[in-house]
Amino acid sequence: MGLGLLVVCLGIVMTSCTAHLEMTSGNEEVLKVVRSLQERFENLEHLVHENKRFQEAFVLHSPALSDQMKTKDKKTPNDKSFLLKRGPGSSEEVQNAESTCTFRGRDGRDGKNGRDGKDGKDGRDGINGGTGTQGPPGPQGVAGAKGDMGKAGLPGKDAAGGTVYVRWGRKTCPSTSSLVYEGIAGGSQWNEKGGGGNYQCLPRVPQWGKYTDGIQQLSYIYGGEYEILTNSPFSKAALHNQDVVCVVCHARTRSAQMMIPGWKKCPARWTQEYTGYLMAERYTHHRSSFVCMDESPETNPGGGKDTNGALFYLVEAQCGALPCPNYVSGRELTCVMCTK
């Protein structure tokens, strides 16, 4: 329905309401309101009529718009129309207002929000950010299971240094050490007052320096002999007056050595080189040193001539200042050579 027709209809309704109120008493206030509204609708009807006239004047100056309006006028008789009379000539004005006037009403209310759309596709990967600041170290983890034993390493080199000792009564070193040289035992004459006070392991072949042949009656060194008559603790029986042999040995992986008199075994974590019996000069002779004679002594070939010289006697314990027990007077003392 056109705006013009709507305005006309509302005007007719307002006119009917005014007539009814005038005929009824007691409605003065309502009648004032209705008359005021009627005046406003009459003004609106006038505006519609003026708009119609403006369009007709505009069409005369625009042939294209005139043709469009003619086409529209041809369709008008086919439309259903109303003729509402309020006075002379009002029906024509209503038809013209319906066919030609168009007014835009107020905007409607906002509709309800539609449903959420489907999720869009994942975007492309962004550019990698820079390296962040290193965080604090985390707590220590639980210890893992013990791993398998690794392969054995290569043999190490011999330790520098080591220690040297004499093995009295033998020509070879034990398996725990290496040979430095083999020799024969020597020392001062048993009944001479001067000379050295200790036994020496002399090399079998000396290396001479400057010398003078002949006896100058200076200091002398003699070969050594076993002096064992009876009750020998050694495994070899015929040792009396035989020449004593010796050998110098090197323990490469150990740096300390000691001879322990009265023991046959070394302390814990020490290496036993050999064991034997304690020997020295006789108590009535001039003093010498105590040495550890191997328990299985050997002799120098060609000896046994009883030429004396430096003599080796077994050493016995003698009670007194030496506590008995644990020592026993008259017993031959053992000994052991140890390295570490």
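The rules behind the values
- For every chain, the first residue of the written sequence is number 1, and numbering continues from 1 onward in sequence order.
- Where local features are concerned, this predicted model is filtered to residues with pLDDT of at least 70; where side-chain atom pairs are given and counted, the filter is 80 or more; whole-chain, interface and lining totals use all residues.
- Excluded from the side-chain calculations are hydrogens and water; all other atoms, namely the structure's heavy atoms, are used.
- Note on terminology: pairs of cysteine sulfur atoms within 2.5 Å are recorded as disulfides.
- A helix here means a DSSP run of H or I that spans at least four residues, while a strand means a run of E at least two residues long, and both kinds are numbered starting from the N terminus.
- A simple rule labels every residue: compare its accessible area, found with a 1.4 Å probe on the protein chains alone, to the largest value its type can have, and call it buried under 20%, exposed over 50%, or partly exposed in between.
- Confidence of the prediction at every residue is given by pLDDT, a number between 0 and 100.
- The contact criterion used is simple: two residues touch if any of their non-hydrogen atoms lie within 4.5 Å.
- Centre distance within 6.5 Å is the pairing criterion for rings of Phe, Tyr and Trp, where only the six-membered ring of Trp is used; planes under 30 degrees apart are then read as stacked, over 60 as edge-to-face, and the remainder as tilted.
- Should DSSP find at least two bridges between two strands, the strands are taken to pair.
- Definition used in this section: a nonpolar core is a set of buried Ala, Val, Leu, Ile, Met, Phe, Trp, Tyr and Cys residues joined via side-chain atoms within 4.5 Å.
- In protein, a polar contact requires one atom able to donate a hydrogen and another able to accept it; more generally it is a pair of N or O atoms within 3.5 Å, and residues adjacent in sequence count only if both atoms are side-chain atoms.

## Quick look at the state of the cysteines
As used here, a disulfide is simply a covalent bond connecting the sulfur atoms of two cysteines.
For step 1, the next point in the chain: Considering all chains together, one arrives at five disulfides under this definition.
For step 2, the next point in the chain: Cysteine 292 shares a disulfide with cysteine 335; S-S distance 2.0 Å. Note on the cysteine 292 and cysteine 335 pair: the S-S dihedral is about 90 degrees, so by sign convention the disulfide is right-handed. Here cysteine 292 is found in strand β8 (residues 291-294), whereas its partner cysteine 335 is found in strand β10 (residues 334-339), with 43 residues between them in sequence. Across the pair, exposure class does not vary: cysteine 292 and cysteine 335 are buried alike.
For step 3, the next point in the chain: Taking only the cysteines that form disulfides and numbering them from first to last, the protein has the pattern 1-4, 2-3, 5-10, 6-9, 7-8.

## Things to note about the confidence of the model for the protein
For step 1, the next point in the chain: Mean pLDDT over the protein stands at 80; residues scoring 70 or higher make up 73%.
For step 2, the next point in the chain: Contacts for the low-pLDDT stretch residues 73-91, under 50 throughout, to residues beyond four places or in other chains number 20 contacts.

## A look at the packing of aromatic side chains
For step 1, the next point in the chain: Under the counting rule described, the total for this entry stands at seven aromatic pairs.
For step 2, the next point in the chain: Here tryptophan 168 and phenylalanine 312 contribute two aromatic rings whose centre-to-centre distance is 6.3 Å and whose plane-to-plane angle is 45 degrees, an arrangement assigned as tilted. Taken together, the residues tryptophan 168 in strand β1 (residues 163-168) and phenylalanine 312 in strand β9 (residues 310-314) connect sequence positions 144 residues apart.
For step 3, the next point in the chain: Judged by relative accessible area, tryptophan 168 falls into the buried class, the value being 7%.
For step 4, the next point in the chain: These aromatic residues form a ring-pair network of at least three members: Trp168, Tyr199 and Phe312.

## What about the pairing of β9?
For step 1, the next point in the chain: When you tally the buried positions in β9, you get four out of five residues, the bulk of the element.
For step 2, the next point in the chain: Sheet topology note: the strand β4 (residues 222-226)/β9 ladder contains three bridges and is parallel. For glutamate 225, the partnering residue across the bridge sits in β9 and is leucine 311.

## Section: the nonpolar core
For step 1, the next point in the chain: If you look at the biggest cluster of nonpolar residues, it comprises 30 residues, and the most contacted ones within it are Trp168, Phe234, Met293 and Phe312.
For step 2, the next point in the chain: In terms of residues, this core owes the most to one element, strand β7 (residues 271-280), which gives five residues.
For step 3, the next point in the chain: What tryptophan 168 contacts, discounting residues up to four positions off in sequence, is Ala185, Tyr199, Gln200, Cys201, Val245, Cys246, Tyr274, Val291, Cys292, Met293 and Asp294.

## Quick look at unusual backbone geometry
For step 1, the next point in the chain: In this chain, cysteine 324 is followed by proline 325 through a cis amide linkage whose omega measures -15 degrees.
For step 2, the next point in the chain: Tracing the backbone through its elements, the reader meets proline 325 in the loop between β9 and β10.
For step 3, the next point in the chain: Geometrically, the link from proline 325 to asparagine 326 is a cis peptide bond, its omega value of 20 degrees lying close to zero.
For step 4, the next point in the chain: In this fold, asparagine 326 is placed in the loop between β9 and β10.
For step 5, the next point in the chain: One non-glycine residue with positive phi stands out, namely asparagine 241, at about 65 degrees.
For step 6, the next point in the chain: Position of asparagine 241 among the secondary structure elements: in the loop between β4 and β5 (245-251).
For step 7, the next point in the chain: With a phi close to 70 degrees, arginine 269 is a non-glycine residue in the positive phi region.

## Things to note about the side chain of arginine 254
For step 1, the next point in the chain: Mapped onto the fold, arginine 254 is located in the loop between β5 and β6 (257-261).
For step 2, the next point in the chain: Using a relative accessible area of 12% as the deciding quantity, one classes arginine 254 as buried.
For step 3, the next point in the chain: Polar contacts involving the side chain of arginine 254 include one to the side chain of threonine 253, which spans 3.1 Å.
For step 4, the next point in the chain: Engagement of the side chain of arginine 254 in a polar contact is seen with the side chain of glutamate 273, the distance being 3.1 Å.
For step 5, the next point in the chain: Beyond its immediate stretch of four places on either side in the chain, arginine 254 contacts Gly162, Thr163, Thr176, Ser177, Thr271, Glu273, Thr339 and Lys340.

## Focus: the side chain of histidine 285
For step 1, the next point in the chain: Inspection of the secondary structure assignment puts histidine 285 in the loop between β7 and β8.
For step 2, the next point in the chain: Engagement of the side chain of histidine 285 in a polar contact is seen with the side chain of glutamate 281, the distance being 3.0 Å.
For step 3, the next point in the chain: Excluding residues that lie within four positions of it along the chain, histidine 285 makes contacts with Trp190, Leu311 and Tyr313.

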